[in-house]
Amino acid sequence: QVQLVESGGGLVQAGGSLRLSCAASGRAFSAYTVGWFRQAPGKEREFVAAIGWSTGSTHYGDSVKGRFTISRDNAKNTVYLQMISLKPEDTAVYYCAARKMRPLTTTLSTYDDWGQGTQVTVSS
């Protein structure tokens, strides 16, 4: 099990940028596939992006392709989500999640460990 803490959320105008961080406790964070998900009010939690544990491969949800970039710094036990060209519809609570030594997946239920979330609000 790994403890995850998200940070970097806030209020930004449409077209602006934010970088979210997901910091993990413990060692061997490099052995975890990490995903970002988001949940807007009244909507289901949806997949945003993920990065694999072994190859560092990445995958993005269709609504964020070309605007969001996921990356990791294993030395810092941190995964980042760089968000540019933000839109009001990106407003949500953003969560990071991890699964140990298993392939990248977009399926929410397959992730074992979750952070508490960080709020992102994009004003028009």
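Structure report, in brief. Small disclaimer: the values here were computed from a predicted structure and weren't measured.

Considerations on the sheet that holds strand β8 (residues 78-83)
And then number 1: Read from one edge to the other, the open sheet built from four strands follows the order β1-β3-β8-β7, with strand pairing classed as antiparallel. Every other strand in the sheet has two partners, leaving β1 (4-7) and β7 (68-73) as the edge strands with one partner each. When strand polarity is set aside, the average angle formed by the axes of neighbouring strands in this sheet is 15 degrees.

Points about the nonpolar core
And then number 1: Within the largest apolar cluster, 30 residues are counted, with the highest numbers of intra-cluster contacts made by W36, L81, M83 and Y94.
And then number 2: For this core, the elements supplying multiple residues, two or more each, are β3 (18-24), β4 (32-39), β5 (46-51), β7, β8, β9 (92-100) and β11 (118-123).
And then number 3: Not counting chain neighbours up to four residues away, the residues in contact with M83 comprise G16, S17, L18, L20, R67, F68, Y94 and V120.
And then number 4: Counting residues in each nonpolar core, the second largest holds five residues, with F37, A50, A97 and Y111 among its members.

Points about unusual backbone geometry
And then number 1: Positive phi, close to 55 degrees, is recorded for N77, a residue that is not glycine.
And then number 2: Here N77 lies in the loop between β7 and β8.
And then number 3: A relative accessible area of 14% means that N77 is categorised as buried.
And then number 4: In this model, M101 sits at a positive phi of 50 degrees, which is unusual for a non-glycine residue.
And then number 5: Checked against the element boundaries, M101 lands in the loop between β9 and β10 (113-114).
And then number 6: You can call M101 partly exposed: its relative accessible area is 49%.

Rules used in this analysis
Residues numbered from 1 in each chain as written. Predicted model: local features only at pLDDT ≥ 70, side-chain atom pairs only at ≥ 80, totals over all residues. Heavy atoms only, no water. Pairing = 2+ DSSP bridges. Helix = DSSP H or I, 4+ residues; strand = E, 2+ residues; numbered from the N terminus. Axes fitted to C-alpha atoms, helices over the stretch in contact; angles between N-to-C directions. Core = buried A, V, L, I, M, F, W, Y, C linked by side-chain atoms within 4.5 Å. Buried < 20%, exposed > 50% of the residue type's maximum accessible area, 1.4 Å probe, protein only. Contact = heavy atoms within 4.5 Å.

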